[in-house]
Amino acid sequence: MNRITRYALSILLSTLLLVLLTACSSGTLYGGQTKGGNPAGTMEAVTPTLPVPPPSAGNGQSSSTSETIQAANAVFNQINAARGQANLPALQWSNMLVNSAHKHNLAMMAANQLSHQLPNEPALGTRISQAGVNWTLAAENIGESSDYLHPTNAATSLDQDMLNEKPPDDGHRQNILSNANIIGIDVLVDTQNQKIWLTEDFARTA
């Protein structure tokens, strides 16, 4: 590979990184989307008054308190309100996707790193398949905030930052307004690292 080719490749990779990484006033966001499918699985989609809490994280980190359930519900309502304004159907709540999102939050907390895929962790599509969702589209928005004492404010602010994105750097907004039909949201309070972790997993079921 000659020097000019290496230089061009370096510029391309730098540009891709800038597109993927968006710095926000309340935290940091990543968004990703995968199209395809998985070989098998079952799907469950319900719309409860409040999201069903995921298992507790333990080790002093709260994950399924009334505050985090309220935070996830507030994000859910905010997303569906935005979809309604865009004349899109509301997303249905999926407890399977909540489990997927929660496991990813735990992985990010353990590594103290915002990423769609951490070492030894399956890719997004595989994670959603393992949660039991038979999908044709899978997408994920993630964010972190230092406002760990106010989970609802932190989570809704991160989500609002996603909704406020402008093209062409609006990957999170596109995920929210995609043709997905189910969603799972998990908000994790990380007292050790003093952060809020937010994962929104989207899917369109086969």
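Scope of this entry: the structure provided in the associated data block. (Residues numbered from 1 in each chain as written. Predicted model: local features only at pLDDT ≥ 70, side-chain atom pairs only at ≥ 80, totals over all residues. Heavy atoms only, no water.)

**Regarding the layout of surface pockets**
Approximately 160 Å³ is the volume attributed to the second largest pocket. In this structure, the second largest pocket is lined by Met96, Asn99, Ser100, Lys103, Ala107, Glu121, Pro122, Arg127, Gln130 and Ala131. For the lining of the second largest pocket, the leading source of residues is helix H3 (residues 95-111), giving 5 residues. For the lining of the second largest pocket, a count of residues per class yields 4 nonpolar, 3 polar and 3 charged. (1 Å grid on protein atoms, 1.4 Å probe; cavity = no way out; pocket = protein on both sides within 12 Å on 5 of 7 lines; lining within 4 Å. Points joined across faces, edges and corners; volume = space filled by probe spheres on them. Helix = DSSP H or I, 4+ residues; strand = E, 2+ residues; numbered from the N terminus. Nonpolar A, V, L, I, M, F, W, Y, C, P; charged D, E, K, R; others polar.)

**Some remarks on the nonpolar core**
The biggest cluster of nonpolar side chains holds 26 residues, and the ones touching the most others in it are Ile79, Ile183, Ile185, Val187 and Phe202. Contributions of two or more residues to this core are made by helix H2 (66-85), strand E4 (135-145), helix H5 (151-163), strand E5 (182-190) and strand E6 (195-205). Broken down by element, this core gets its largest block of residues, 6 residues, from H2. In this structure, Met96, Leu97, Leu124 and Ala138 belong to the second largest nonpolar core, which totals 9 residues. (Core = buried A, V, L, I, M, F, W, Y, C linked by side-chain atoms within 4.5 Å. Buried < 20%, exposed > 50% of the residue type's maximum accessible area, 1.4 Å probe, protein only.)

**Structural notes on the packing of H2 against H5**
Contact pair H2 / H5: the axes reach a minimum separation of 8 Å and the direction vectors enclose 25°. Between H2 and H5, the interaxial angle falls into the category roughly parallel. Helix-helix and strand crossings are classified by hand; for H2 and H5 the assignment is right-handed. Side by side, H2 and H5 meet where Glu67, Gln70, Ala71, Ala74, Val75, Gln78, Ile79 and Ala82 of the first sit next to Pro151, Thr152, Ala155, Thr156, Asp159, Gln160 and Leu163 of the second. (Axes fitted to C-alpha atoms, helices over the stretch in contact; angles between N-to-C directions. Parallel < 35°, antiparallel > 145°, perpendicular 65-115°, else oblique. Left-handed = near helix turned anticlockwise from the far one by under 90°. Contact = heavy atoms within 4.5 Å.)

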